[in-house]
Amino acid sequence: MKIDALNISDTQPVIRQLDDAAINRIAAGEVVERPASAVKELVENAIDAGAKRIEIAYADGGKTLIRVVDDGCGIVPEALPLALSRHATSKIDGSDLLNIHTFGFRGEALPSLGAVGRLSITSRAAGHDAYAISVAGGAMSAVKPAALSKGTVVELRDLFYATPARLKFMRTDRAETQAITDVVKRLAMAEPFIGFTLRDVSGGGEGRVTFRADAESGDLFDALHGRLGRILGAEFAENSLRIEAEREGLHLTGFAALPTYSRGSAVAQYLFVNGRPVRDKLLVGALRGAYFDFLSRDRHPAAALFLDCDPQLVDVNVHPAKSEVRFRDPGMARGLIVSALRHALAGAGHRASSTVAGATLGAMRPEPNGPARVYQMDRPSMGAMHASYQAQAPGFEETAGVFSRVDVVEPVETHAPTEQFPLGAARGQVHENYIIAQTTDGMVIVDQHAAHERLVYEKLKKQMAENGVSAQALLIPEIVEMSDGDCARLMEIADDLSRFGLGIEPFGGGAIAVRETPAILGEVNAKAMLLDILDELADQGESQSVQAKIEAILSRVACHGSIRSGRWMRAEEMNALLREMEATPHSGQCNHGRPTYVELKLADIERLFGRT
């Protein structure tokens with residue numbers, strides 16, 4: 001550290017009142033971080049104005065032009081100068097800063113943008129003519145008549161021209177464009193009944209549409225499902241579970257993907273509180289915690305979750321960009337998310353992502369060599385199929401009265417409905433590891449070891465939940481020294497830790513006495529475990545460290561206690577495994593989030609072989 005850099009001076013510092021231009025530029029530094037921040041503020045204003053269609057245009061990554069056009073209620077002419085004044089807003093009256101029902105409420109966005117760029121607003125309210133006003137570098141023009149049929153057009157040019165130093169920190173046009181697109185997509189998810197169009201006009205003229213989402217119709221879930229399918233892709237919509245739960249004034253809705261539709265990073269996690277896109281550590285930790293038992297640490301769930309509540313239960317005024325929130329009861333919000341997601345995942349049963357089958361067919365598809373020949377072939381008759389099954393090895397027919405099989409040893413008529421056997425009837429085993437089963441409209445390939453490992457693991461977890469985690473008392477308690485704050489944080493969750501066999505109590509002077517440890521873990525480094533728990537508490541607001549270690553042991557026990565690869569299985573064993581998978585939640589993925597089976601539809605297989 002340089003001595004002359006220290007804030008030490010013999011002269012008395014002078015307190016000065018900054019002028020409005022400086023104040024607005026400072027405020028812009030908090031609110032407008034990059035072009036995407038300006039787009040967010042302007043589009044949120046359009047949504048608050050009741051717009052049904054919003055068009056956003058940008059040039060050069062938003063550095064030279066951002067234009068937002070909406071069909072909302074507009075601004076009356078006499079209010080245009082006030083709209084460009086700091087802390088002037090139509091969204092709150094200032095009496096209650098917790099009763100907020102709109103995106104914006106501070107009245108800082110427009111004056112901040114006008115302080116660092118060239119801003120113009122053209123607006124027409126019902127019963128008034130259109131008028132325009134502009135501001136550049138903080139200097140405001142007079143209100144002038146303009147031409148506009150309805151709504152508002154806000155145009156921002158040369159962002160940060162008044163603060164050239166900020167331009168040095170801008171990223172490439174491509175990166176800024178990506179950030180703008182992400183902001184618009186997040187807002188489009190939150191408002192499925194509003195149409196959004198994003199246009200790149202860098203080359204002049206009409207430019208090109210880079211994103212478009214027409215207004216959805218139907219009920220909320222249908223509209224949301226359609227909007228998410230348009231933004232996140234049809235695969236997400238196809239492999240996601242509907243989420244709806246309510247608890248003490250908190251209402252959770254949305255869609256969460258199956259564990260087998262996981263991602264390599266957290267890029268597909270979208271969280272909203274009262275319609276506001278947020279990146280909140282508590283909510284992200286809750287999402288991660290809900291999938292904690294189904295994904296390895298290097299995989300991340302995909303979800304779009306919307307948490308709605310009375311504005312009095314959440315404070316949105318805790319972050320300059322309003323990207324974080326603070327709940328009055330954070331534990332309730334977290335518990336609702338975890339329980340709702342786990343309930344939905346359990347309800348999915350053995351279901352696995354359809355993308356697994358797509359990847360399988362893609363791997364099997366041969367390289368095209370010229371025009372494919374199409375063969376016209378008839379499906380075999382029921383009699384031919386009947387005879388074919390009779391010729392198979394005995395024992396592969398016992399479950400398929402449903403699947404047109406005949407038991408050659410002792411024919412048994414089965415009249416169970418088809419849907420009782422979604423994983424089909426076993427027809428064979430290859431490489432002593434993969435079970436081949438036939439369904440009514442295709443085939444299923446099962447990894448016998450991964451599937452049975454998950455089944456054993458679920459049984460062990462159920463037994464642990466019913467009987468509890470046995471604890472082993474230490475002959476000599478281990479004393480762990482730490483700060484008073486860390487000690488207090490651990491004691492707040494002491495009851496939760498005791499459920500997993502970790503018994504702690506205060507020892508005075510910021511020390512913790514560890515008197516019991518989970519018996520299943522064997523010899524434990526108590527200090528390292530407590531430090532891991534503290535790190536999780538600081539990072540996520542809660543700790544699953546002990547539970548994770550215990551369930552890792554259960555997973556290893558399940559691995560060693562399951563059917564091994566390379567073991568030949570009888571037909572009745574294979575069918576019993578299939579039936580147990582159908583009855584067991586989460587059996588569609590192994591303990592690491594990988595699929596336990598692949599389902600191939602007959603139509604896809606026929607296309608693979610060029611049949612019609």
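Right above here is the structure, for reference.
This write-up is about the structure you can find in this document.

### Considering the sheet that holds strand β11 (residues 250-257)
- Here we have five strands laid out as an open sheet, ordered β10-β11-β14-β12-β13, and mixed in their pairing. Of all strands in the sheet, those with a lone pairing partner are β10 (240-247) and β13 (276-278), marking the two edges. Recorded for the sheet is a direction-independent mean angle of 20 degrees between the axes of neighbouring strands.
- In terms of strand pairing, strand β12 (residues 269-273) meets strand β14 (residues 303-308) through five bridges, oriented parallel.

### Quick look at the pairing of strand β19 (residues 442-447)
- Burial along β19 is one-sided: the face carrying G442, V444 and V446 is buried and the face carrying M443, I445 and D447 is not.
- Relative to β19, strand β18 (residues 434-439) is paired through six bridges, and the arrangement is antiparallel. Each bridged residue has a counterpart across the sheet, and for T439 the counterpart in β19 is G442.
- Where β18 hands over to β19, the hairpin turn is made up of two residues, counted between the paired strands.
- Where β19 meets strand β23 (residues 597-601), five bridges bridge the pair, whose relative direction is antiparallel. The residue bridging I445 from the neighbouring strand is V598, located in β23.

### Describing helix α6 (residues 173-190)
- In this model, α6 (18 residues) spans 26 Å end to end at C-alpha, consistent with the 26 Å of a helix rising 1.5 Å per residue.
- With respect to burial, α6 is a largely interior element, 13 of its 18 residues being buried.

### Examining the nonpolar core
- Of all hydrophobic cores here, the largest spans 56 residues; its most connected members are V43, I54, I56 and F196.
- By residue number, the principal contributor to this core is α6, which donates eight residues.
- Look past the residues within four positions of F196 in its chain and what remains in contact with it is V43, I47, I54, I56, V184, L187, A188, E191, F211, R212, A213 and R227.
- Among the nonpolar cores identified, the runner-up in size contains 36 residues, and V273, V314, A340 and A348 belong to it.

### Focus on the pairing of β18
- Relative to β18, strand β17 (residues 425-430) is paired through five bridges, and the arrangement is antiparallel. Across the sheet, the residue bridging to V430 is Y434, located in β18.
- Between β17 and β18, which pair antiparallel in sequence order, lie three residues; one of them, H431, sits at a positive phi of approximately 55 degrees.

### Focus on the packing of aromatic side chains
- Evaluated as defined, the whole model comprises three aromatic pairs.
- With 4.4 Å between their ring centres and 10 degrees between their planes, F272 and F306 make a pair best called stacked. Remark: F306 occurs in strand β14 and F272 occurs in strand β12; sequence separation between them is 34 residues.
- Accessibility expressed as a relative area gives 7% for F306, which makes it buried.
- When the ring centre of Y161 is taken as reference, the NZ or CZ atom of R118 above it lies at 3.8 Å.
- Across the ring face of F221, the terminal group of R242 is positioned such that the distance to the ring centre comes to 3.6 Å.

### Quick word on the packing of helix α2 (residues 35-48) against α6
- The geometry of α2 relative to α6 is characterised by a closest axis approach of 8 Å and an angle of 25 degrees between their N-to-C directions. Relative to α6, the element α2 lies roughly parallel. Note that α2 runs across α6; the crossing there is right-handed. Contacts between α2 and α6 involve P35, A36, V39, K40, V43 and E44 from the first element and E176, A179, I180, V183, V184 and L187 from the second.

### Things to note about the environment of S296
- One can find S296 in the loop between α9 (281-290) and β14.
- Once the C-alpha coordinates of S296 and R594 are considered, the two residues, 298 residues apart in sequence, prove to be 9.2 Å apart.

### A look at unusual backbone geometry
- We note that H431 has phi near 55 degrees; this positive angle belongs to a residue other than glycine.
- Within the secondary structure, H431 sits in the loop between β17 and β18.
- Look at H431 and you get exposed, because its relative accessible area is 68%.
- One non-glycine residue, E432, adopts positive backbone phi at about 50 degrees.
- Looking at the secondary structure, you find E432 in the loop between β17 and β18.
- For E432, a relative accessible area of 35% puts it in the partly exposed group.

Here is what the cut-offs are and how they apply
Residues numbered from 1 in each chain as written. Predicted model: local features only at pLDDT ≥ 70, side-chain atom pairs only at ≥ 80, totals over all residues. Heavy atoms only, no water. Pairing = 2+ DSSP bridges. Helix = DSSP H or I, 4+ residues; strand = E, 2+ residues; numbered from the N terminus. Axes fitted to C-alpha atoms, helices over the stretch in contact; angles between N-to-C directions. Buried < 20%, exposed > 50% of the residue type's maximum accessible area, 1.4 Å probe, protein only. Expected span 1.5 Å × (residues − 1). Core = buried A, V, L, I, M, F, W, Y, C linked by side-chain atoms within 4.5 Å. Contact = heavy atoms within 4.5 Å. Phe/Tyr/Trp six-rings, centres within 6.5 Å; stacked < 30°, edge-to-face > 60°. Lys NZ or Arg CZ within 6 Å of the ring centre and 35° of its normal. Parallel < 35°, antiparallel > 145°, perpendicular 65-115°, else oblique. Left-handed = near helix turned anticlockwise from the far one by under 90°.

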